[in-house]
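Single-letter residue listing:
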Amino acid sequence: MPTQITALAVTKSYDGRLVLDSVTCSLAAGERTGIVGENGSGKTTLLRLLAGRERPDRGEVVLHAEGGVGYLAQDERLPPDLTVQGVLDRALGELRSIEERLRRLEAAMAGGDESRLAEYGELLTVFELRGGYDADARVERALHGLGLARLRRDRPVGGLSGGEQVRLRLAAVLAAAPEVLLLDEPTNHLDDDALTWLEEHLRTRRGTTVAVSHDRVFLERVTTGLLEVDADRRTVARYGGGYAGHLAEKAAARRRWAQEHARWRAEADRLREAAATTARRVAPGRAMRDGNKMAYDRAAGRVQQSLAGRVRNAEERLRRLLADPVPPPPEPLRFTAAPRTGRPDGERPRGAVLDADGVTVAGRLGRTSLTVAPGERLLVTGPNGAGKSTLLRVLAGELPPDGGRVTRRGRIGHLPQEPEPGRPGDTLLEAFARGRAGTADEHAELLLSLGLFAPDRLSVPVAGLSTGQRQRLALARLVTEPADVLLLDEPTNHLSPALVEEVEAALTGFDGALVVVSHDRLLRRRWRGERLDLRAAHSSAAAG
């Protein structure tokens, strides 16, 4: 397939902060590509550069699309007095202009002006290739598929909810049917039916699609390849085979790393042994013949000289090898249950580790009851505003309820939905070590062993970290503190998909109690445990 979009050595900074560094990538016509990475890594920046909405500081972006480019921004604000029909007409403006020109040319030719025939033919070809005759039908299909079929066309968008505005903008850009479609988080604010429709639409549409997304199910169902933006290196890596191929290549890279480390260790051990064995050897052990002591000593000297050279050679090779080590790959993340040692009865808590009876928080959480036993798993669901995050803060003891009571037994680990900004002036390592015994430097080895940060990141101020990097920091603190119960609020937010998969695997191996709030479709699909829907909890809810 011919290349349709190319980024050549693209670099982009904001206010002196480097976001993308000499990024080169290309996309072929007809590909469906997902852009992934943690929050703040530069995914939206890359998409805006590809769309021509921003210019790189260095390098260039080349895009060929005679059939037009459609772009869905994540945070665009519509003029409040614009009507629903106005939004749709604006998206179809180019097609409408072509259609209007065709009508004028038809009128001119009907009056005998045959000089317009060539222009008419060219415009008609463009109109047909861009689906001009099907435009109104596409509008209806998009509105229906995204749950907006009953929306009055004369209604001002200022009266729509934020979710409705996002879906309307998505419907408009899809109805325009551009050759290249660039979408920033298109699954936001969509229910299950709308998600299913969107995924099928993108799978079957002609043209090239590039979508920034954190939704693993969307990536799994739609994409044929992925671009991963690395927040630490500010680079972009390409993976084929869609989401499954991305994970497979990540796993293969980890295996190659382990093999390279094993070879490095084996070579270092071989050189150490060679140097030690050779150094222990002595001059020829043969008996002196003919009483020729001088000849015997000369031979012994030559051998000793040769052996000493071989020792020096092995030691030099070992020195060079050790100067450029291949570190071992980090072990998979593990959440650790609190140890039994140090407890009065030498056992984990008996009975419920969490018991909430009729807890309420005015205006934020309706009357809710639940019980969580040791080792039990509870998934909390419900619409935005139902009080899911508030419930977790109450359970963690960070927010006192206005009514009801909470009983806690054992140690609690809490991961909030939004990572804490940290103390001003703290470095990443200092923030990780805060509240722990010893100096910050004494915790560097532990932090690095998790594989969440490279050594050169430990001295970076927390204030300079992206949202995703701060989430990694919070995760690092959580996995290194044993707990009887983990309270996780949207734990897949802000992280790269590969790290999300690793976190899920770590949770599967955790034998303590677990309470999770999540909208992540794949996590919810894989969930094995109890569920609590807070839509039913505003009067009373129980689990366990």
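Everything numeric here is computed off the predicted structure, so don't read it as measured data.

Peer 1: Could you clarify how one ought to interpret the nonpolar core in this entry?
Peer 2: Soluble, globular proteins show a tendency: their nonpolar side chains are buried together. Counting residues in each nonpolar core, the largest one holds 45 residues, and the members touching the most others are Leu168, Leu170, Leu183 and Leu202. Contributing elements (two or more residues each) for this core: helix H2 (84–91), helix H3 (93–110), helix H4 (117–129), helix H5 (135–145), helix H6 (162–175), strand S6 (180–184), helix H7 (192–204) and helix H8 (216–222). When residues of this core are assigned to their parent elements, the largest contribution, 7 residues, is made by H6. The contacts of Leu168, once residues within four sequence positions are left out, are Val84, Val87, Leu88, Leu143, Leu148, Val157 and Leu160. One finds Leu333, Leu458, Leu488 and Leu495 within the second-largest nonpolar core, a separate group that totals 37 residues.

Peer 1: What should I look at first to understand the pairing of strand S10 (residues 354–361) in this one?
Peer 2: Looking along a regular strand, one sees the side chains alternate between the two faces of the sheet. Relative to strand S11 (residues 365–372), S10 runs antiparallel, the two being bridged by 5 bridges. In the strand pairing of S11, Val361 is matched with Leu365. What sits between the antiparallel neighbours S10 and S11 is a turn of 3 residues, in which Gly363 has the positive phi angle 75 degrees. Here S10 runs beside strand S13 (residues 403–408); their pairing, made up of 5 bridges, is antiparallel. Within S13, the residue paired with Asp355 across the bridge is Thr407.

Peer 1: Please clarify how the sheet that holds S13 should be interpreted in this entry.
Peer 2: Whenever strands of a sheet pair, they do so through backbone hydrogen bonds, lying parallel or antiparallel. Reading across from one edge, S11-S10-S13 is the order of the 3 strands in this open sheet, with antiparallel pairing throughout. Of all strands in the sheet, those bounded by a partner on one side alone are S11 and S13. Across the sheet, the mean angle from the axis of one strand to that of its neighbour is 15 degrees, orientation sign disregarded. Running over the sheet, helix H11 (residues 388–396) touches S10, S11 and S13 and is turned about 125 degrees from S10.

Peer 1: In this structure, what is going on with the side chain of Arg169? I would like to understand it.
Peer 2: Note on placement: Arg169 falls in helix H6. Leaving out residues up to four positions away in the same chain, Arg169 has contacts with Leu72, Ala73, Gln74, Asp75, Glu76 and Leu78.

Peer 1: Help me out: how do you make sense of the environment of Val460 in this one?
Peer 2: Structurally, Val460 is set in the loop between helix H13 (444–449) and helix H14 (467–479). For Val460 and Arg238, which are 222 residues apart along the polypeptide, the C-alpha to C-alpha distance reads 27 Å. Setting aside anything within four residues of it in sequence, one finds Val460 in contact with Asp426, Thr427, Leu428 and Leu465.

Peer 1: Looking at this model, I keep getting lost on H11. Mind explaining?
Peer 2: Structural remark: α-helix, 3.6 residues per turn; residues separated by three or four positions point the same way. Burial runs high along H11: 7 of the 9 residues are buried. Immediately beyond the C-terminal end of H11, within one or two residues, lies Gly397, with a positive phi of roughly 85 degrees.

Peer 1: Before we go on, may I ask you to explain the sheet that holds strand S12 (residues 377–381) in this structure?
Peer 2: The 5 strands lie next to each other as S14-S15-S16-S12-S17, forming an open sheet whose pairing is parallel. Every interior strand has two partners, whereas the edge strands, strand S14 (412–415) and strand S17 (530–533), have only one. For this sheet, the mean inter-axis angle between neighbouring strands, taken without regard to orientation, is 15 degrees. As judged from the 5 bridges shared by strand S15 (residues 485–489) and strand S16 (residues 513–517), these two strands associate in the parallel manner. Counted as the bridge partner of Val485 is Ala513 from S16. H11 rests against S12, S14, S15, S16 and S17 of the sheet, and its axis sits at about 150 degrees to S15.

Peer 1: Help me out: how do you make sense of the packing of aromatic side chains in this one?
Peer 2: The relative placement of two aromatic rings is captured by the distance of their centres and the angle of their planes. Inspection of the entire model under this criterion finds 2 aromatic pairs. Measuring from ring centre to ring centre gives 5.0 Å for Phe127 and Tyr133, while their planes differ by 90 degrees; the resulting arrangement is edge-to-face. The exposure class of Phe127 is buried, given its relative accessible area of 1%. Overall, Tyr133 belongs to the exposed group, its relative accessible area being 57%. Taking the centre distance of 6.5 Å and the plane angle of 70 degrees together, the rings of Phe335 and Phe510 count as edge-to-face. Note that Phe335 is positioned in the loop between helix H10 (293–323) and S10 and Phe510 in the loop between helix H15 (497–508) and S16, a separation of 175 residues in sequence. Under the relative-accessibility criterion, Phe510 is labelled buried at 2%. Its end group placed over the ring of Phe432, Arg436 keeps NZ or CZ at 4.4 Å from the ring centre.

Peer 1: Teacher, can you tell me more about the packing of H5 against H7 here?
Peer 2: The packing of two helices is summarised by the inter-axis angle and the distance between the axes. Where H5 contacts H7, the two axes come as close as 9 Å, and the packing angle between them is 140 degrees. Taken as axis vectors, H5 and H7 run oblique relative to one another. Side by side, H5 and H7 meet where Arg141, Ala142 and Gly145 of the first sit next to Asp193, Ala194 and Trp197 of the second. Grouping the amino acids of the contact of H5 with H7 by side-chain chemistry returns 3 nonpolar, 1 polar and 2 charged.

Peer 1: Just checking my understanding: could you explain H6 for this structure?
Peer 2: Here H6 spans 20 Å end to end across 14 residues, near enough to the 20 Å set by a 1.5 Å rise per residue. Where burial is concerned, most of H6 is hidden: 13 out of the 14 residues are buried. Ala177 lies just past H6 and shows a positive phi near 50 degrees.

Peer 1: Is there a simple way to explain the pairing of strand S1 (residues 3–14) in this structure?
Peer 2: Two strands pair when backbone bridges link them, and S1 and strand S2 (residues 17–28) are joined in this way by 8 bridges, in the antiparallel orientation. Within S2, the residue paired with Thr3 across the bridge is Ala28. Adjacent in sequence and paired antiparallel, S1 and S2 are bridged by 2 residues, among which Asp15 carries a positive phi angle near 50 degrees. Here S1 runs beside strand S4 (residues 58–63); their pairing, made up of 5 bridges, is antiparallel. What sits directly across from Thr6, in S4, is Val62.

Cut-offs used in this document
Residues numbered from 1 in each chain as written. Predicted model: local features only at pLDDT ≥ 70, side-chain atom pairs only at ≥ 80, totals over all residues. Heavy atoms only, no water. Core = buried A, V, L, I, M, F, W, Y, C linked by side-chain atoms within 4.5 Å. Buried < 20%, exposed > 50% of the residue type's maximum accessible area, 1.4 Å probe, protein only. Helix = DSSP H or I, 4+ residues; strand = E, 2+ residues; numbered from the N terminus. Contact = heavy atoms within 4.5 Å. Pairing = 2+ DSSP bridges. Axes fitted to C-alpha atoms, helices over the stretch in contact; angles between N-to-C directions. Phe/Tyr/Trp six-rings, centres within 6.5 Å; stacked < 30°, edge-to-face > 60°. Lys NZ or Arg CZ within 6 Å of the ring centre and 35° of its normal. Parallel < 35°, antiparallel > 145°, perpendicular 65-115°, else oblique. Nonpolar A, V, L, I, M, F, W, Y, C, P; charged D, E, K, R; others polar. Expected span 1.5 Å × (residues − 1).

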